[in-house]
There are 2 protein chains.
Amino acid sequence: MTTIIWPKQFSPVEDAENIKKACQGWGTDEKAIISILGHRNLFQRKLVRLAFQEIYHQDLLQQLKCELSGNLERAISLWTLDPADRDAVLANETLQKSDPDYRVIIEIACIRSPEDLLAVKRAYKFRYKHSLEEDLASFTTADIRKVVILQLLVGVTSAYRYDGDEFDETVAQSEASTLHQEIHGKAFNNEEVIRILSTRSQAQLNATFNIYKDIYGHSINKGFPGGDYFSTLRTVIRCIRDPKKYFAKVLRSAINLEETNEDALSRVIVTRAEKDLKDIKELYLKRNNISVDEAVAREWSGD
Amino acid sequence: MTTIIWPKQFSPVEDAENIKKACQGWGTDEKAIISILGHRNLFQRKLVRLAFQEIYHQDLLQQLKCELSGNLERAISLWTLDPADRDAVLANETLQKSDPDYRVIIEIACIRSPEDLLAVKRAYKFRYKHSLEEDLASFTTADIRKVVILQLLVGVTSAYRYDGDEFDETVAQSEASTLHQEIHGKAFNNEEVIRILSTRSQAQLNATFNIYKDIYGHSINKGFPGGDYFSTLRTVIRCIRDPKKYFAKVLRSAINLEETNEDALSRVIVTRAEKDLKDIKELYLKRNNISVDEAVAREWSGD
């Protein structure tokens, strides 16, 4: 799935029939399913799903759920979903866990475009009858450090940022110093940090981060105090600053774990495949002297 | 404008020509302009504006700005704008003031539907190259009571609520008691109040307010502590609970002031005319023994 070439001509009906065939008989022909769906783009996958529904009166995703299992089922299902719907599923999936991976939420909130983020929130509401912010905010915890993390997450998820290129140099100056003060100050104060990171546009924030580096001589992400809140904050900043570099790091840490973090791995591949996976792979190769494909192939035993 | 009857057949070109005529010569024929635009619905006004642009290569709103003045100019301009764009202008207008009327923001955030609120935020970004939440949140103030008010406003403005009818009785129970605790408790704690009011759906909140009344024997809006924060909070609750009753009260207090609050008056009339102004007027009459029309006519000298 990491290097996808779409066929220009394809028949959704034939694809649907071939997938059905692969599901019949003793054992599922997983390779056949991957070789079909893995080589269809978003629009083509939609057509295959429609054709499958039309011919067999059955949802393709339900069929795959029955036939496949584990990580493969998860990856193929996510891949078959619409991007906004897929993000809604990913967000809900992590919020159901006792120890949610907040990176999923931060990626959706800080890397998707404002309109794409909206589409995710719409899809989430439609699926779960709650708003995403609502589910996020209603996590209750007695741990004040966790409360602050949730406030930060609700802040960035609620954002509907300006997405133009214009920014204000004076605001960048003043907010660079506010950020420094609150991150490195002794009073544990996070309100302004959350306000700035969850309302300013990407262009404005990047201007602020650049000025921060000029004033303090190091990147805003260096020298953070320890703890979960600051690690979440760093993720937010990295997602806003340089999504590709961020994803390359997520891939590396997912693969380098003793037991590979398959969720993170498939999430990055599936959500970026049709966007910037090529660039992320180049960055990965440059930094790790091994290609993602090789590393992934090793982990996924060739699937 | 308070009782509008739309003509079924009308000519945008004739309207544009008649408005142009009313603007020519010595003095503007204000009554003619009102009698035209005041009797066209949203779609018809859009067509008139397009026809005006087509014939005279001039924006109708700019023309009106030159010809009319003061409150009349403001009301007719607001009336001629698209609802989402109009709300964006109203919000920005009040945020420019040294003493903003936060009711404008609360009405937009809590009374418009989730999709309409989004349309306002889109229009705001397009006009002002900032997001509405950004402009709201970047008000800086040393007054902690004001900071809390701004947090509440940013919260409700950022909301993208679930707008279905489903709600959770258990959540309503628990959040009714949380609200009571935070509003009437001794610790000045507002985080949970803001979280609840800015993420829960209208259906969920109304269930919570009803249970509140059952448990504590009085409406949630009774017996509030004094101060600006609680008065803002009360406005939020009133807007969510019963928008029509809220607007009837805004009208009454606008008219009953020694110097009529023309901004509030025209805001309610213009923004509700094509929605529920009829019901608001009925409520007003029932509670004040005088019709809005009479009261408005008195104030607006017949315009």
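All of these numbers come straight from a predicted model, not from anything done at the bench. For every chain, the first residue of the written sequence is number 1, and numbering continues from 1 along that sequence. Numbering of ligands from 1 and lettering of chains from A proceed in the order in which they are written. Thresholds applied to this predicted model are a pLDDT of at least 70 for local features of residues and 80 or more for the giving and counting of side-chain atom pairs; totals over whole chains, interfaces and linings are not thresholded and use all residues. Calculation of side-chain values draws on the structure's entire complement of heavy atoms; hydrogens and water are dropped beforehand.

1. So, the packing of helix H5 (residues 70–80) of chain A against helix H16 (residues 262–272) of chain A
All names here are of chain A.
Then comes step 1: Each axis is a line fitted through C-alpha atoms, taken for helices only over the stretch in contact, and angles between the N-to-C directions span 0 to 180 degrees. Elements are defined by DSSP. Helices are runs of H or I of four residues or more, strands are runs of E of two residues or more, and each kind is numbered from the N terminus. Put simply, H5 and H16 touch, their axes get as near as 10 Å, and they point 25° apart. Here H16 runs roughly parallel to H5, going by the angle between their axes. Remark: the crossing between H5 and H16 carries right-handed chirality. Here Asn71, Arg74, Ala75, Leu78 and Trp79 of H5 come into contact with H16, specifically with Glu262, Asp263, Ser266 and Val270. Orientation is classified from the angle alone, with under 35 degrees giving roughly parallel, over 145 giving roughly antiparallel, 65 to 115 giving roughly perpendicular, and any other angle giving oblique. Should the near helix be turned anticlockwise from the far one by less than a right angle, the crossing is left-handed, and should it be turned clockwise, the crossing is right-handed. Contact definition: two residues touch when any of their heavy atoms are within 4.5 Å.

2. Points about empty space enclosed by the protein
All names here are of chain B.
Then comes step 1: Every definition here rests on a 1 Å grid over the protein atoms only: cavities are sets of points where a 1.4 Å probe fits but cannot get out, pockets are open sets enclosed by protein on both sides within 12 Å along at least five of seven lines, and lining residues have some atom within 4 Å of a point. Grid points are joined across faces, edges and corners, and a volume is the space filled by probe spheres set on the points. Under the criterion given, the structure shown has three cavities of 30 Å³ or more.
Then comes step 2: Residue lining of the largest cavity: Lys245, Ala248, Lys249, Arg252, Arg287 and Asn288, and that is the complete set.
Then comes step 3: For the lining of the largest cavity, the elements supplying multiple residues, two or more each, are helix H15 (243–256) and helix H17 (277–288).
Then comes step 4: Sorting elements by how many residues they give to the lining of the largest cavity places H15 first, with four residues.
Then comes step 5: Residues are grouped as follows: Ala, Val, Leu, Ile, Met, Phe, Trp, Tyr, Cys and Pro are nonpolar; Asp, Glu, Lys and Arg are charged; all remaining types, including Gly, are polar. Considering only residue class, the lining of the largest cavity consists of one nonpolar, one polar and four charged.

3. Regarding the UniProt feature "binding site: Ca(2+) 1" (unreviewed entry) in chain A
Residues and elements named next belong to chain A.
Then comes step 1: As annotated by UniProt and renumbered to match this structure, "binding site: Ca(2+) 1" (unreviewed entry) occupies Gly25, Gly27, Glu67 and Glu299.
Then comes step 2: Note on placement: Gly27 falls in the loop between helix H1 (12–23) and helix H2 (30–37).
Then comes step 3: Exposure remark for Gly27: the relative accessible area of 46% places this residue in the partly exposed category.
Then comes step 4: Within the fold, Glu67 resides in helix H4 (residues 60–67).
Then comes step 5: Under the scheme applied here, a residue whose accessible area is under 20% of the maximum for its type counts as buried, over 50% as exposed, and between as partly exposed, the area being computed with a 1.4 Å probe on protein chains only. According to the relative accessible area criterion, Glu67 is partly exposed, its value standing at 24%.
Then comes step 6: If we ignore the near neighbours within four places in the chain, the residues touching Glu67 are Cys23 and Thr28. UniProt positions are given in the numbering used here, feature names are shortened, and annotations may be inferred rather than shown by experiment.

4. Section: the interface of chain A and chain B
Reports of interface size often rely on the accessible area that becomes lost once the parts have come together.
Then comes step 1: Listed per partner, the contact involves 26 residues of chain A and 26 residues of chain B.
Then comes step 2: Interface area, chain A with chain B, both sides summed: about 2500 Å², of which 51% is carbon and sulfur.
Then comes step 3: Here the buried area means the combined drop in accessible surface, using a 1.4 Å probe, for two parts upon being joined, counting both sides. Considering only the side of chain A, the residues that lose the most area to chain B are Lys125, Tyr160 and Tyr162 of chain A, jointly responsible for 26% of the buried surface there.
Then comes step 4: Counted as salt bridges are all cases of a side-chain nitrogen of Lys or Arg within 4 Å of a carboxyl oxygen of Asp or Glu. On the surface where chain A and chain B come into contact, there are six salt bridges.
Then comes step 5: The closest approach of N and O atoms between Asp163 of chain B and Lys125 of chain A, which form a salt bridge, is 3.5 Å.
Then comes step 6: Pairs of N or O atoms are called polar contacts if they sit within 3.5 Å, as long as, within protein, a hydrogen donor faces a hydrogen acceptor (for residues adjacent in sequence, only side-chain-to-side-chain pairs). There are 14 residue pairs in polar contact (both at pLDDT 80 or more) connecting chain A and chain B.
Then comes step 7: Secondary structure elements with two or more residues in the side of chain A that touches chain B: helix H8 (114–128), helix H9 (132–137), helix H10 (144–158) and helix H12 (191–199) of chain A.
Then comes step 8: The biggest single contributor to the side of chain A that touches chain B is H8 of chain A, with six residues.

5. Considerations on the UniProt feature "binding site: Ca(2+) 2" (unreviewed entry) in chain A
Residues and elements named next belong to chain A.
Then comes step 1: What UniProt calls "binding site: Ca(2+) 2" (unreviewed entry) maps, in this numbering, to Ile255 and Ala297. Of the residues just listed, which span 43 residues, no C-alpha pair is farther apart than 10.8 Å, and they cluster in one region.
Then comes step 2: With respect to the element layout, Ile255 can be found in helix H15 (residues 243–256).
Then comes step 3: If you trace the backbone, Ala297 turns up in helix H18 (residues 292–299).

6. Some remarks on the packing of H4 of chain A against H5 of chain A
All names here are of chain A.
Then comes step 1: Orientation of H4 relative to H5, taken along the N-to-C sense of each, is 170°, at an axis distance of 9 Å. When the interaxial angle is binned, H4 and H5 end up roughly antiparallel. In contact with Leu60, Leu61, Leu64 and Lys65 of H4, H5 contributes Glu73, Ile76, Ser77 and Thr80.
Then comes step 2: In terms of residue class, the contact of H4 with H5 is made up of four nonpolar, two polar and two charged.

7. Focus on the layout of surface pockets
Residue and element names in this part refer to chain B.
Then comes step 1: In this structure, the second largest pocket occupies an estimated 480 Å³ of space.
Then comes step 2: Lining of the second largest pocket is provided by 23 residues; of these, Pro100, Asp101, Tyr102, Ser231 and Thr232 occupy positions nearest its centre.
Then comes step 3: Where the lining of the second largest pocket is concerned, the elements lending two or more residues are helix H7 (102–111), helix H10 (144–158), helix H14 (228–241) and H15.
Then comes step 4: Among the elements that take part in the lining of the second largest pocket, H14 stands out by supplying six residues, more than any other.
Then comes step 5: Domain borders in the structure are assigned automatically or taken from a domain database. Looking at which domains feed residues into the lining of the second largest pocket, each of domain 2 (84–241) and domain 3 (243–299) gives three or more.

8. Overview of the domain arrangement of chain A
Residues and elements named next belong to chain A.
Then comes step 1: Splitting chain A by domain gives domain 1 (12–80), domain 2 (84–241) and domain 3 (244–299).
Then comes step 2: Here domain 1 and domain 3 have C-alpha centroids that lie 25 Å from each other.
Then comes step 3: With eight residues of domain 1 in contact, the opposing surface of domain 3 contributes six residues.
Then comes step 4: For the pair domain 1 and domain 3, the summed buried surface comes to about 600 Å²; carbon and sulfur atoms form 53% of the total.
Then comes step 5: It is Asn71, Arg74 and Trp79 that lose the most area in domain 1 upon contact with domain 3, and together they represent 68% of the buried surface on that side.
Then comes step 6: For the pair domain 1 and domain 3, the number of links is two salt bridges.
Then comes step 7: Salt-bridge contacts for Arg45 lead to Glu274; the nearest nitrogen and oxygen are separated by 2.9 Å.

9. Description of the side chain of Asp87 of chain B
All names here are of chain B.
Then comes step 1: Its place among the elements puts Asp87 in helix H6 (residues 83–95).
Then comes step 2: The class of Asp87 is buried, set by a relative accessible area of 4%.
Then comes step 3: When residues no more than four places from it in sequence are discounted, the contact partners of Asp87 are Ile108, Arg112, Val120 and Thr271.

10. Section: the relation of the copies chain A and chain B
Then comes step 1: Our superposition of the copies is a least-squares fit, built on the C-alpha atoms of residues whose pLDDT is at least 70 in both. The transform that puts chain A on chain B rotates by 180° and translates by 0.0 Å along the axis, for an RMSD of 0.0 Å. Taken together, the rotation and translation describe the operation of a two-fold axis. When C-alpha distances to the rotation axis are compared across chain A, the minimum falls at Ser158 of chain A, with a value of 2.6 Å.
Then comes step 2: A shared binding surface is used by both copies, with 100% of the interface residues of chain A retained as interface residues in chain B.

11. Focus: the packing of aromatic side chains
Then comes step 1: Classification of ring pairs uses Phe, Tyr and Trp, with its six-membered ring standing for Trp, and accepts pairs whose centres are within 6.5 Å; under 30 degrees between planes counts as stacked, over 60 as edge-to-face, and the remaining range as tilted. Under the definition given, this model contains 12 aromatic pairs over all chains.
Then comes step 2: Judged by centre distance (5.8 Å) and plane angle (85°), the ring pair of Phe224 of chain A and Phe230 of chain A falls under edge-to-face.
Then comes step 3: Judged by its relative accessible area of 8%, Phe230 of chain A is buried.
Then comes step 4: Seen from their ring centres, Tyr229 of chain B and Phe230 of chain B are 5.0 Å apart, and the 65° between their planes marks the pair as edge-to-face. Residues Tyr229 of chain B and Phe230 of chain B agree in their burial class; the two are buried.
Then comes step 5: Clustering of aromatic rings is evident, with ring pairs tying together Phe224, Tyr229 and Phe230 of chain A.
Then comes step 6: Distance and angle both matter: a charge sits over a ring if NZ of Lys or CZ of Arg is within 6 Å of the ring centre and within 35 degrees of the ring normal. Over the ring of Tyr56 of chain B we find Lys20 of chain B, and its NZ or CZ is 5.0 Å from the ring centre.

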